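Residues per chain are reported as follows:
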Amino acid sequence: IKWEDIKGIREEVITVRKAIRIDVRNHEDFIQQGKSAINRRIMKNNMKAFGSPFVIHARMVGVKHNELIEQMRMAYKEIQEKNAPAETVSPAAEN
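Residues numbered from 1 in each chain as written. Predicted model: local features only at pLDDT ≥ 70, side-chain atom pairs only at ≥ 80, totals over all residues. Heavy atoms only, no water.

### A few points about the packing of aromatic side chains
The condition is simple: Only Phe, Tyr and Trp rings are paired, with Trp represented by its six-membered ring, and only when their centres lie within 6.5 Å; those with planes under 30 degrees apart are stacked, over 60 edge-to-face, the remainder tilted. Where helices and strands are cited, they refer to DSSP runs of H or I of at least four residues and of E of at least two residues respectively, numbered from the N terminus. In this scheme, a residue with accessible area under 20% of its type's maximum is buried, one over 50% is exposed, and one in between is partly exposed, where area comes from a 1.4 Å probe on protein chains only.
According to the stated counting rule, one finds 2 aromatic pairs in the structure shown. Pairing Phe-30 with Phe-54 gives two aromatic rings, centres 5.3 Å apart and planes at 85 degrees, and the pair type is edge-to-face. Of this pair, Phe-30 sits in helix α1 (residues 27–32) while Phe-54 sits in strand β3 (residues 54–56), placing them 24 residues apart in sequence. Like Phe-54, Phe-30 is buried.

Structure representation (structure tokens):
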């Protein structure tokens, strides 16, 4: 997933385990681009169950949930700030 395709990052509780849901633009495009029929089916099921094709459990990547969500949010915020248009000050506003 490219950072610019991400709309948000949320925590979800699935049964008793926490998960991270990644909200993306054009989720159908991601599903269609799945590498295999199984991968596309998993993304479709995630979409139906959680509203996003991408759901990550911290155990999948071998870190604690709180560490993973914090790292993802920090990286997402950095990308948003980096890609935000620079504010310009008009000469009239300086007076």
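### Some remarks on the pattern of salt bridges
Convention followed: By definition here, a salt bridge exists when the distance from a side-chain nitrogen of Lys or Arg to a carboxyl oxygen of Asp or Glu is within 4 Å.
As enumerated under the stated definition, the model contains 1 salt bridge in all. With a closest N to O distance of 2.8 Å, Arg-21 and Asp-23 form a salt bridge. You'll find Arg-21 and Asp-23 in the same group, each marked buried.

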